[in-house]
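Single-letter residue listing:
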Amino acid sequence: MSSEMAPLLQVEGLRKWFDITRGVFGRKVGQVKAVDDVSFTVRSREVLGLAGESGSGKTTIGRSVLRLVEPSAGRVVFDGTDVTSLNTADLRRFRRRMQIIFQDPLAALNPQMTIEEVLSEPLIVQGIGRSDADRRNRAVELLDSVSLSSDYLKRRPGEMSGGQRQRIVIARALAVNPEFIVADEPVSALDVSIQAQIIALLIELKGRLGLSMLFISHDLAAMEYISDRIAVLYLGRVMEIGPSSEVCGNFKHPYTEMLISAVPQPEPGYQRKIFPAGEIPSAASPPSGCVFRTRCSYARPECAQIVPQLRKVAEDHYTACIRDDLSLSRVLL
Amino acid sequence: MARNSLLEVENVSVSFKSAQGPIRAVRDVSFRINPGEIVALVGESGSGKSTTGLATMQLIPSATVSGRICLTRKDGTKADLVSLSESDIRRVRGNEVAMIFQEPMSSLDPVFTIGTQMCEAARVHQRLSYRQAYAASIKALEAVGMPDPEKCMETYQHKLSGGMRQRVMIAMALSSKPSLLIADEPTTALDVTIQAQIVEYLKRIQKQTGMAILFITHNLGLVAEIADRAIVMYAGEIVESGSVSELFTRPRMPYTSGLLKSLPRLGRKKTLGTPIEPIPGSLPSPLALPSGCKFHPRCGHFVAGVCDTAVPELESSDQAHQVRCARWRDIARTAQ
Ligand SMILES: Nc1ncnc2c1ncn2[C@@H]1O[C@H](COP(=O)(O)OP(=O)(O)OP(=O)(O)O)[C@@H](O)[C@H]1O
Ligand SMILES: Nc1ncnc2c1ncn2[C@@H]1O[C@H](COP(=O)(O)OP(=O)(O)OP(=O)(O)O)[C@@H](O)[C@H]1O
Ligand code: SF4
Ligand SMILES: [Mg+2]
Ligand SMILES: [Mg+2]
C-alpha cells in the first residue's frame, strides 16, 4: 500500500487451508479455508488491528506470520527477509525479532517457575546475558517496564492476579528486545478495569520501544483505541483495511457496518440502526463470489460471481465490495 | 412500592467453606425487582454476581445463605425462597423463575436431540401431550429467531453454533412462562453480532410476556442497551444502584465512575480523543478483603481514617439512586 518507506512486515497472498480428514487413515474429505489470499503490511512503529468474528482467521494469520503454522501459499516478508523460506536454524534466530502474546496468561506461564525463571528463559535460549546476575538485572528492568516491582522475581504465576500475569507475559515477550509483536486477544480474559491498564501499557511500550504490533481482538473499541490501522476479516479474507478512525467511524464495507453496529454502546438511550443478520458460514464451504454476500443486505446477483478485490476509497483506505454506490449508515453518534 | 415488587432480596449473604477459611462471597445484598423490569447486575470477575443469581435460585448447596429472598408467586402469594422446601423450590424453578447461563453446552444433554429435550421439559412442567409439546417447542424456537425450527428439533447440541445453543436454552427457559428470568452472562462467549441478535430477542420477548429479567454482565455497554436499572457490585457488596441513565451520567461511587472512564468508546477516537483512565491496582482476594470501603486501596478519593475504618452504608443519594461511599457528598460537591 502507498507508503514511501518499505514496510516492516509485508504479507502477500497468504493462504492457509487446513485439511479435513476422516477415519483412522486420515482420508482427506475437504478443506477449511481459514485464510484465503490475504495481503497487508505493517509499518515500522505501527499497530495494525485484526478484527472479525470468531473463525474469521485472525489467529491463523498471526501464527502464520511467525510461522507457528506453515502457510499453504503466499509470502511473509519481515524487514526484507522472506520468513516463509527460512530454514529452522535461521527461523529460530529470527524469532528474537518477532514475539507473540496469547489470550490466557495462566496457560502461557509454567506454574512451577518463579517469575525470575520465566523472564530468564528466553534470555538463555537466545544467548543474552553472560551471568545469572546479568539476567537478573534484565529481569528487574523488564518488570519495571511493565510497572511491577522487583518483589515479584521470587513469586510464581499462581500467586498473582490475572492482570499481573498478563504483565509478566508481556515482559517475557519483551525480554529479547523484539521489534514486532503479535498480540492475540491480550486483554480478552481480563477484568474490565484491568483491560484498560494493559491497553495503556501496550500503548506506552509501543511509543517508548518503537514496537510494531499485530493486535488481534474481539473488542473493536479497544482495537480502535490502540491501532493505527485496522483490517476487518471475514471467512479468511480482508473486507476492509484503513486508518482505525476511518474503519470505525467512516467505514465503506457492509460487513464493517454490521460488525460496528453490533457493538453495545455504553450510552443510555443509544438506538441501534442496523441489525446483524445470520451467522458466519462454515469455512469449509464458503459462499462463491463475495464471501459475505449471504448476510449482506446490499448484495446483488453479481456478488455471487465476482470475488471483490480491495479497491481504494481514500488515502490508505481500501474496501473489498463491488458496490461503490453505497452510503453506509454512520451508526455511531 | 414494595407492595408490587416481584422479587425482594433482603440482607442476603453467601459464604463458601474453604481450606483457608470462609469465603464471604456476597455480603448483605439487598435489592428489589418489579414485575416486567430489566435490572442489570454488573461487576467484575469475582464480585459475586453469579453467586447472587444462584442464591436466588437456591442452586448452591455448598454455600451458606442467610437473609430473605421473597418472591411474589403467580398466584399472588409470597414465598421466602431461602426457607422453602426442596420440592417447593423445584416447582418455583420450573415455573416461576428460570435461569440461563454463559455456556449452554453444559445445560443440554449431548445424547438426546434438541426436540426430545424440549418436548420432555414441556410435558413435565406444563403437563402437555406430546403433540402439544412439539407444537409449543416449535413456536418457542421461532420466537427466539431460530431459522429452521423443525430441523433444529432433530439435531444434537454439538451440531449447533454457540448462538443457536443459547437460543435453544432461552426457548426452553421461557417455555414455562416464568415471571423472572435470571440471565447470567448469556452472551459473553458469543460474537458481538450474535450477542446483538440475542439481546434483541430477549428484549422483544420481555415486552410480549411482561416477565422481569435480572441480567448479569460485566459489559457496561450491554447494561446501557438492555436494562432499566442497574446494580453495581464490587468485592461481594452492592456499591451503587440506580436507573441506567443516572448511573451513566451521574455516577456517585468512584468505582463506577472509574469503570466508565476506563472504557474505550467506539468511533470516538477522532471526535473525542479522550484517553482512557485505567483504575490502578487489582481486585482484592475474597480471603483478604480490605477494611472499611472495599475499594479504598484503589480509590483516588481515599482519605485515611474515613474510608478504611467502617464499611460505608448504602445510602440514597438521589431518588432511586443508592451509593456506598464514605465521601460521596464531598465528591459530588467538588465535581460540580
Ligand atoms: N488446526 C486447525 N485445523 C483445522 N481447522 C482449523 C485449525 N485452526 C483453525 N482452524 C479453522 O480455521 C478457521 C479460522 O480459525 P482462527 O482460529 O484463525 O479464527 P479466529 O478469527 O482467530 O477465531 P476466534 O475469534 O474464535 O479466535 C476456523 O474455521 C477454524 O475452525
Ligand atoms: N463454589 C464455590 N466455592 C468457593 N468459592 C466460590 C465458589 N463459587 C464462587 N466462589 C467465590 O465467590 C466469589 C464470587 O464469585 P462469583 O462467581 O459469584 O463472581 P462473579 O461476579 O459471577 O464473577 P465472574 O464475572 O467471573 O463470573 C469469588 O471470589 C469466587 O472465587
Ligand atoms: S469510601 Fe473512600 S475509598 Fe471508598 S469509594 Fe468512597 S472515597 Fe473512595
Ligand atoms: Mg483466535
Ligand atoms: Mg459469574
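Residues numbered from 1 in each chain as written. Chains lettered and ligands numbered in written order. Predicted model: local features only at pLDDT ≥ 70, side-chain atom pairs only at ≥ 80, totals over all residues.

1. Some thoughts on the overall build of chain A
Inclusion rule: We count a stretch as a helix when DSSP gives it H or I for four or more residues in a row; a strand needs E for two or more, and each element gets its number in order from the N terminus. Note that the radius of gyration is over C-alpha atoms, with the globule rule given as 2.2 Å times the number of residues to the power 0.38. Throughout, a residue-residue contact means that the two C-beta atoms, derived from backbone geometry, are no farther apart than 7 Å.
What chain A contains, in helices and strands, is 10 helices and 12 strands. At 21 Å, chain A has a C-alpha radius of gyration in line with the 20 Å of a compact globule built from 333 residues. The C-alpha extent of chain A, read off along each of the three principal axes, is 70 × 55 × 50 Å. A sequence separation of at least 24 residues applies to 66% of the contacts in chain A between residues at least 6 apart.

2. Some thoughts on the overall build of chain B
What chain B contains, in helices and strands, is 11 helices and 12 strands. Taken over C-alpha atoms, the radius of gyration comes to 21 Å for chain B, in line with the 20 Å a tight globule of 336 residues would show. On the principal axes, the C-alpha backbone points of chain B span a range of 65 × 55 × 45 Å. For chain B, restricting intrachain contacts to residue pairs at least 6 apart in sequence, the fraction spanning at least 24 positions comes to 62%.

3. Considerations on the site of ligand 1
Threshold: Each residue gets a C-beta atom placed from its backbone. Should that atom fall within 6 Å of a molecule or strand, the residue is termed near it. Residues are grouped as follows: Ala, Val, Leu, Ile, Met, Phe, Trp, Tyr, Cys and Pro are nonpolar; Asp, Glu, Lys and Arg are charged; all remaining types, including Gly, are polar.
Around ligand 1, a shell composed of A:Phe18, A:Val32, A:Ala34, A:Gly52, A:Ser54, A:Gly55, A:Ser56, A:Gly57, A:Lys58, A:Thr59, A:Thr60 and A:Ala283 is seen. Grouping the constituent residues of the shell around ligand 1 by class yields 4 nonpolar, 7 polar and 1 charged.

4. Some details on the site of ligand 2
Residues and elements named next belong to chain B. Around ligand 2 sit 15 residues in total, of which Phe16, Ala25, Ser45, Ser50 and Thr51 are the nearest. If you list the elements that add at least two residues to the shell around ligand 2, you get β2 (23-33) and α1 (49-56). The leading source of residues in the shell around ligand 2 is α1, at 3 residues. Among the residues forming the shell around ligand 2, the class breakdown is 4 nonpolar, 10 polar and 1 charged.

5. Section: the domain arrangement of chain B
The condition is simple: For every domain, the bounds stem from an assignment made automatically or drawn from a database.
As far as domains go, chain B holds domain 1 (104-177) and domain 2 (245-335). For domain 1 of chain B and domain 2 of chain B, the distance between their C-alpha centroids amounts to 42 Å.

6. Points about the sheet that holds strand β3 (residues 38-42) of chain B
All names here are of chain B. Note the threshold: Note on pairing: DSSP must find at least two bridges between two strands before they are called paired. Angles here are taken between N-to-C directions and fall from 0 to 180 degrees, while the axes themselves are lines fitted to C-alpha atoms, restricted in helices to the stretch in contact.
A sheet is described by the order of its strands in space; here 8 strands give the open sequence β6-β7-β8-β3-β9-β10-β12-β11, paired in mixed fashion. With one partner strand each, in any of the chains shown, β6 (97-100) and β11 (315-318) form the two edges of the open sheet. On average, each strand axis in the sheet is inclined to that of its neighbour by 20 degrees, with strand direction left out of account. Taken together, the 6 bridges between strand β9 (residues 229-234) and strand β10 (residues 237-243) define a ladder with antiparallel strand orientation. Bridge pairing in β10 places Tyr234 opposite Glu237.

7. Here's the deal with the sheet that holds strand β4 (residues 73-78) of chain A
A sheet is described by the order of its strands in space; here 4 strands give the open sequence β2-β1-β4-β5 (chain A), paired in antiparallel fashion. With one partner strand each, in any of the chains shown, β2 (27-42) and β5 (81-82) of chain A form the two edges of the open sheet.

8. Brief notes about the interface of chain B and chain A
On the side of chain A, 38 residues touch chain B, which itself brings 38 residues to the contact. Among the elements of the structure, α7 (192-209), α8 (220-226), α9 (244-249) and α10 (254-261) of chain B are those that each provide at least two residues to the side of chain B that touches chain A. With 7 residues, the top contributor of residues to the side of chain B that touches chain A is α7(B). Split by residue class, the side of chain B that touches chain A holds 17 nonpolar, 14 polar and 7 charged.

9. Describing the nonpolar core
Stated formally: Think of a nonpolar core as buried Ala, Val, Leu, Ile, Met, Phe, Trp, Tyr and Cys residues chained together by C-beta atoms that fall within 7 Å. Partly exposed residues are those whose C-beta has more than 12 but fewer than 20 other C-beta atoms within 10 Å; 20 or more makes a residue buried and 12 or fewer makes it exposed, with C-beta atoms placed from the backbone.
With 181 residues, the main nonpolar core has A:Leu214, B:Leu180, B:Val223 and B:Ala230 as its most contacted residues. Composition of this core by domain shows at least three residues from each of domain 1 (104-177) and domain 2 (245-335) of chain B.

10. Some words on the environment of B:Leu81
All names here are of chain B. Structurally, the position occupied by Leu81 is in the loop between β5 (78-80) and α2 (86-95). Sequence-wise, Leu81 and Cys152 are 71 residues apart; in three dimensions their C-alpha atoms are separated by 35 Å. Excluding residues that lie within four positions of it along the chain, Leu81 makes contacts with Thr56, Gln58, Ile69, Leu71, Ile89 and Val92.

11. Focus: the pairing of β11(B)
Residue and element names in this part refer to chain B. Here β11 runs beside strand β12 (residues 321-323); their pairing, made up of 3 bridges, is antiparallel. By the bridge assignment, Asp318 is partnered in β12 with His321. Hairpin connection of β11 to β12: 2 residues between the antiparallel strands, including Ala320 at a positive phi of 55 degrees.

12. A closer look at the packing of helix α4 (residues 115-125) of chain A against helix α5 (residues 132-145) of chain A
Residue and element names in this part refer to chain A. Selection rule: Small angles under 35 degrees read as roughly parallel and large ones over 145 as roughly antiparallel, with 65 to 115 read as roughly perpendicular and the rest as oblique. Helix crossings get a hand from a simple test, with the near helix turned counterclockwise from the far one by less than a right angle marking a left-handed crossing and a clockwise turn marking a right-handed one.
It is the contact of α4 with α5, at a shortest axis distance of 9 Å, that shows an interaxial angle of 110 degrees. Here α4 lies roughly perpendicular to α5, going by the angle between them. Crossing hand, α4 versus α5: right-handed. Facing Glu116, Leu119, Ser120 and Leu123 of α4, the residues of α5 in contact are Arg135, Arg136, Arg138, Ala139 and Leu142. Among the residues forming the contact of α4 with α5, the class breakdown is 4 nonpolar, 1 polar and 4 charged.

13. Some remarks on the environment of A:Ser244
For A:Ser244, the location among the structural elements is in helix α9 (residues 244-249). Taking the C-alpha atoms as reference points, A:Ser244 and A:Leu211, 33 residues apart in sequence, are found 18 Å from one another.

14. Topic: the environment of B:Gln117
Residues and elements named next belong to chain B. As for its position among the elements, Gln117 is in helix α3 (residues 114-126). With 20 C-beta atoms counted inside 10 Å, the residue Gln117 sits in the buried group. C-alpha separation for the pair Gln117 and Ser137, spaced 20 residues apart in sequence, amounts to 9.8 Å. Not counting residues up to four positions away in its chain, the partners in contact with Gln117 are Leu108, Asp109 and Phe112.

15. Observations regarding the confidence of the model for chain B
Which entries qualify depends on this criterion: Residue-level confidence of the predictor is summarised by pLDDT, bounded by 0 at the bottom and 100 at the top.
Confidence along chain B averages 90 in pLDDT terms, with 96% of residues attaining 70 or more. This complex was scored by the predictor with a pTM of 0.92 and an ipTM of 0.90.

16. As for α10(B)
Taken across its 8 residues, α10(B) has 6 buried, putting it largely inside the fold. What α10(B) keeps buried is the set B:Pro254, B:Tyr255, B:Thr256, B:Ser257, B:Gly258 and B:Leu259. Buried-residue contacts for α10(B) involve α7 (192-209) of chain A together with α8, β9, β10, α9 and α11 (328-335) of chain B.

17. Some words on the pairing of strand β8 (residues 212-216) of chain A
Residues and elements named next belong to chain A. Convention followed: Seen with its strands pointing away from the viewer, a crossover is right-handed when the path leading from the first strand over the helix to the second is clockwise.
Within β8, 5 of the 5 residues are buried, which leaves the element mostly enclosed by the surrounding structure. Covered by surrounding structure in β8 are Ser212, Leu214 and Ile216 together with Met213 and Phe215, the residues of both alternating faces. Taken together, the 4 bridges between strand β3 (residues 47-51) and β8 define a ladder with parallel strand orientation. Counted as the bridge partner of Leu50 is Ile216 from β8. Judged from the 5 bridges that link them, strand β7 (residues 180-184) and β8 form a sheet pairing that is parallel. Each residue of the ladder has a partner; that of Val182, found in β8, is Leu214. With respect to chirality, the unit in which β7 leads through α7 into the neighbouring parallel β8 is right-handed.

18. Some thoughts on the packing of α4(A) against helix α6 (residues 162-174) of chain A
All names here are of chain A. Two elements in contact, α4 and α6, have axes separated by 8 Å at closest approach and are oriented at 25 degrees. By the angle between their directions, the pair α4 and α6 is classed as roughly parallel. The chirality of how α4 crosses α6 is right-handed. Here Ile115, Val118, Leu119 and Pro122 of α4 come into contact with α6, specifically with Ile168, Ala171 and Arg172. Among the residues forming the contact of α4 with α6, the class breakdown is 6 nonpolar, no polar and 1 charged.

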